[in-house]
Amino acid sequence: MSIYLGFDSSTQGLTAIAIEVSRASRHVAFQRTLNYERDLPRYGTANGVLPQADPLVATSSPLMWAEALDRMMGIIATESGIDLSRIRAISGSGQQHGSVYLNSSASGVLAALDPHTPLADQISGVFSRSDSPIWMDSSTASQCAAITRAVGGTRALAELTGSRAFERFTGPQIRKYFETDPAGYSRTSRIHLVSSFMASLLAGADAPIEPGDGSGMNLMDIAARKWAPRALDATAPGLEARLPALGPSWAVAGPLSPYWTGRYGFPAARVIAWSGDNPCSLVGTGLVSQGRIAISLGTSDTLFGFMREPAIDPSFTGHVFGAPTGGYMSLICFKNGSLARERIRDAAGLTWDGFSRALRATPAGNGGRLMLPWFDAEITPEVLQPGVHRFGLDPADGPANVRAVVEAQMMAMANHSAWMGVKVDTIYATGGASRNRDILQVMADVFGAKVDQLEVGNSACLGAALRAYHADELAEGHNVPWEDIVAGFVEPIAGSRVSPNPEHTEIYQNLRRVYAAREAEALSTLTSAL
Ligand code: ADP
Ligand code: XUL
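None of these values were measured; they are calculated from a predicted model.

Draft legend 1. Main features of the overall build of the protein chain. Along the protein chain, the regular secondary structure elements total 20 helices and 21 strands. Against the globule reference of 24 Å for 530 residues, the protein chain gives a C-alpha radius of gyration of 22 Å, in line with a compact fold. Along the first, second and third principal axes, the C-alpha set of the protein chain runs to 65 × 55 × 45 Å. Looking at the 530 residues of the protein chain, the share that counts as buried comes to 62%. With an accessible surface of roughly 18600 Å², the protein chain has 51% of that area assigned to carbon and sulfur atoms.

Laid out in structure tokens, this is it:
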């Protein structure tokens, strides 16, 4: 029997999963989450984000992520009950786009960590910048414009890197750092993604960036899976020397460093390159071949699917990423996901149960009452001036607002994913809110598709563990097909299927057009107000 560990360093917390694989059985043996706000309060984050005066700025603390990893490794060693000696490989998933800035002391410090002293105490001096911009940041519009101009326009950048310039993508964030703190930039000798930073902590050495997460930077040539010199030059001087190498998703970053073996008694297991949470979710939802889509209802809501060939969204709101299985994936990201649902829930003074009851008590289509749920700046469609728009909807009517926010999110997802050209028959739902069957019913009705709820709510973390399994087999010379890697782990919960109600789907077909028109009107007003 072999054990593989997967981590998910996400916006609000760190999760770990251990999977056991033997000839006779395969199952999740352990799962635990540390929540940053609750479990690591000394960093002062709210929902994992540091307080900021500017609502467009979003940063977090890389030291906090490291401390969470240290604590979790301690928990696995002492509380999980798993036989540590059977752990063969470890991988992980990171919130995408976020970047970590290290000074020249970092490689020496990481290589020589003392097992007798907590990790955070030893690495607090390795950062050239103490905070990390994360995916929720929307403050780099001017840098996006400059990079786009330098590369030759929106289409040229999208074709080269898989996406037009996006505020949260790492390249624009790096450019902003270089522009606003050139001394800090010149003190920086290494810029990691959240994923490659966390893998480097485990390996005690610089881990590579792999193509799944590398495609969220506006810096990687999506077809060649190499750094794109044109994009690097458009971003900041001397950038290539500051980036780690790009490697395949199954690259071995090294054995687990002596810090972890010495401190907690782990074996020198293989550390596999970490990827982004969405690429990991592709594996953890079993989307290893074309034709199905998954929707993750996490801090962000995302919709994604596997693609053999890269297709570019003609409206440039969606992305093409490298898939960690080889091939490509499409991804559309909505920033106003769980936190928007929570705001409506809290404003109405409800629990999640009450939120569900409100969905059940209100009619599909909400009698035509609509909401554009842009509590925060939105990614899809691009909205830089946050603001909630209501149409015929009384803000004090709690149940109607509950229905309006969920319908808006599902209609926006359905409308903005049409370019993918996938005839959606079945949707795999994952993420924290996928346990809410009343939300899944609205999803099924709006898309006119069946929705299956997956056994493991955190498919990014599961996907990371499965990637560790795959890479370990490959390193042993066994190229196990992805279908066999995921089998037994990604099956939907028996009896969980939510089927669409055809009458409701018909209502939404019309309402989706009205929603699109309201969205377009609001966007044109916002643009003309700029
Ligand atoms: P992340 O993207 O940070 O990994 P998760 O996938 O763990 O986040 O999702 C966390 C979110 O799940 C919480 O912010 C919460 O809003 C949501 N959630 C948890 N339980 C429910 C529920 N019963 N109904 C709707 N949403 C829920
Ligand atoms: C994807 C995106 C988010 C983050 C955090 O492009 O920005 O989904 O990965 O979950």
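So much for the structure itself; the text now carries on.
Draft legend 2. Representation of the site of ligand 1. With respect to spatial proximity, 14 residues lie near ligand 1, and among them T299, E342, G432, R435 and N436 are the closest. Separating a nitrogen atom of ligand 1 from a side-chain N or O atom of N436 is a distance of 3.1 Å. For ligand 1, whose free accessible area comes to 590 Å², the fraction covered by protein is 78%. For the shell around ligand 1, the per-class residue count stands at three nonpolar, nine polar and two charged.

Draft legend 3. Structural context of the nonpolar core. In terms of nonpolar packing, the biggest core is built from 73 residues, with F7, I76 and I123 touching the most fellow members. A per-element tally of this core places helix α2 (residues 62-79) first, with ten residues. Filtering out sequence-adjacent residues up to four positions away, I76 remains in contact with L5, F7, A16, F30, I82, L84 and F266. Among the nonpolar cores identified, the runner-up in size contains 51 residues, and I293, V383, I427 and I439 belong to it.

Draft legend 4. Region of the structure containing helix α16 (residues 398-416). End to end, α16 covers 27 Å across 19 residues, agreeing with the expected 27 Å (1.5 Å per residue, within 8%). Most of α16 sits inside the fold, with 17 of its 19 residues counted as buried.

Draft legend 5. Seen up close, the pairing of strand β16 (residues 319-322). Of the two faces of β16, the one carrying H319 and F321 and the one carrying V320 and G322 are both buried. Note: β16 against strand β17 (residues 328-334), four bridges, orientation antiparallel. Bridge pairing in β17 links V320 to S330. The antiparallel pairing of β16 with β17 creates a hairpin that spans five residues between the two strands, and G326 there sits at a positive phi of about 90 degrees.

Draft legend 6. A look at the pattern of salt bridges. For the structure on display, the rule yields 23 salt bridges. We note a salt bridge from D472 to R270, for which the minimum N-O separation is 2.6 Å. Within this pair, whereas D472 is found in helix α18 (residues 459-475), its partner R270 is found in strand β12 (residues 270-272), the two being separated by 202 residues in sequence. You can call D472 buried: its relative accessible area is 2%. E407 serves as the salt-bridge partner of R403, at 2.9 Å between the closest nitrogen and oxygen. Pair noted here: R403 and E407 are both in helix α16, with a separation of four residues, about one helical turn. Both residues of the pair, R403 and E407, belong to the buried class. Three or more residues joined by partner-sharing salt bridges are found here, namely R88, R270, D472 and E476.

Draft legend 7. Representation of the environment of R341 within the structure. Examined against the element boundaries, R341 turns out to sit in helix α14 (residues 338-347). Take R341: its relative accessible area is 0%, and that puts it in the buried class. Counting along the chain gives 118 residues from R341 to S459, while the straight-line C-alpha distance between them is 21 Å. What R341 contacts, discounting residues up to four positions off in sequence, is L297, G298, D301, W352, F355, Q409, A433 and I439.

Draft legend 8. Focus on α2. Across its 18 residues, α2 extends 25 Å between first and last C-alpha, which sits within 8% of the 26 Å expected from 1.5 Å per residue. Among the residues trailing α2, G81 stands out with phi positive, at a value near 75 degrees.

Draft legend 9. View of the site of ligand 2. Contacts to ligand 2 come from Q96, H97, W135, R168, D277, N278, S300, T302, L331 and C333. Contact between ligand 2 and H97: an oxygen atom at 2.6 Å from a side-chain N or O atom of the residue. R168 places a polar side-chain atom, nitrogen or oxygen, 2.7 Å from an oxygen atom of ligand 2. A total of 290 Å² of accessible area belongs to ligand 2 in isolation, and the protein chains cover 97% of it. Only α13 (277-284) and β17 provide two or more residues apiece to the shell around ligand 2.

Draft legend 10. View of the sheet that holds β16. Taking strand neighbours across the sheet as the criterion, the six strands line up as β16-β17-β15-β14-β20-β21 in an open arrangement whose pairing is mixed. With one partner strand each, in any of the chains shown, β16 and β21 (450-453) form the two edges of the open sheet. Between one strand axis and the next, the sheet turns through 30 degrees on average, direction left out of account. Relative to the sheet, helix α17 (residues 437-447) contacts β14 (293-297), β15 (301-307), β20 (426-430) and β21, its axis offset from that of β14 by approximately 140 degrees.

Draft legend 11. Representation of the side chain of S417 within the structure. Along the chain, the position of S417 falls in the loop between α16 and β20. In this structure S417 comes out as buried when scored by relative accessible area, which is 11%. Within polar-contact distance, the side chain of S417 engages the backbone oxygen of M413 at 2.8 Å. Excluding residues within four positions of it along the chain, S417 makes contact with L303, I332 and F447.

Draft legend 12. Spotlight on the state of the cysteines. Using the criterion set out here, one finds zero disulfides in the structure. Free of any disulfide, C144 has its nearest neighbouring cysteine sulfur in C333, separated by 14 Å. Of the residues examined, C144 reaches a relative accessible area of 6% and is grouped as buried. Unpaired in terms of disulfides, C461 finds its nearest cysteine sulfur in C280, a separation of 8.8 Å.

Draft legend 13. The arrangement of the environment of V252 in detail. If you trace the backbone, V252 turns up in strand β11 (residues 252-255). Separated by 162 residues in sequence, V252 and I90 place their C-alpha atoms 9.7 Å apart. Leave out the neighbours within four places in its chain, and V252 touches R270, V271, I272 and A475.

Draft legend 14. Main features of the packing of α2 against helix α9 (residues 194-203). Contact pair α2 / α9: the axes reach a minimum separation of 11 Å and the direction vectors enclose 45 degrees. Between α2 and α9, the crossing angle belongs to the class labelled oblique. Like other packed secondary-structure pairs, α2 and α9 cross with a definite hand, here right-handed. In this structure, α2 uses P62, W65, A66, L69 and M73 to contact α9, whose residues at the interface are V194, F197, M198, L201 and L202.

Here is what the cut-offs are and how they apply
Residues numbered from 1 in each chain as written. Chains lettered and ligands numbered in written order. Predicted model: local features only at pLDDT ≥ 70, side-chain atom pairs only at ≥ 80, totals over all residues. Heavy atoms only, no water. Helix = DSSP H or I, 4+ residues; strand = E, 2+ residues; numbered from the N terminus. Rg over C-alpha atoms; globule rule 2.2 N^0.38 Å. Buried < 20%, exposed > 50% of the residue type's maximum accessible area, 1.4 Å probe, protein only. Areas by Shrake-Rupley, 256 points an atom, 1.4 Å probe, with all protein chains shown as cover. Near = heavy atom within 4 Å. Polar contact = N/O pair within 3.5 Å; in protein donor to acceptor, adjacent residues only side chain to side chain. Nonpolar A, V, L, I, M, F, W, Y, C, P; charged D, E, K, R; others polar. Core = buried A, V, L, I, M, F, W, Y, C linked by side-chain atoms within 4.5 Å. Contact = heavy atoms within 4.5 Å. Expected span 1.5 Å × (residues − 1). Pairing = 2+ DSSP bridges. Salt bridge = Lys/Arg side-chain N within 4 Å of Asp/Glu carboxyl O. Axes fitted to C-alpha atoms, helices over the stretch in contact; angles between N-to-C directions. Disulfide = S-S within 2.5 Å. Parallel < 35°, antiparallel > 145°, perpendicular 65-115°, else oblique. Left-handed = near helix turned anticlockwise from the far one by under 90°.

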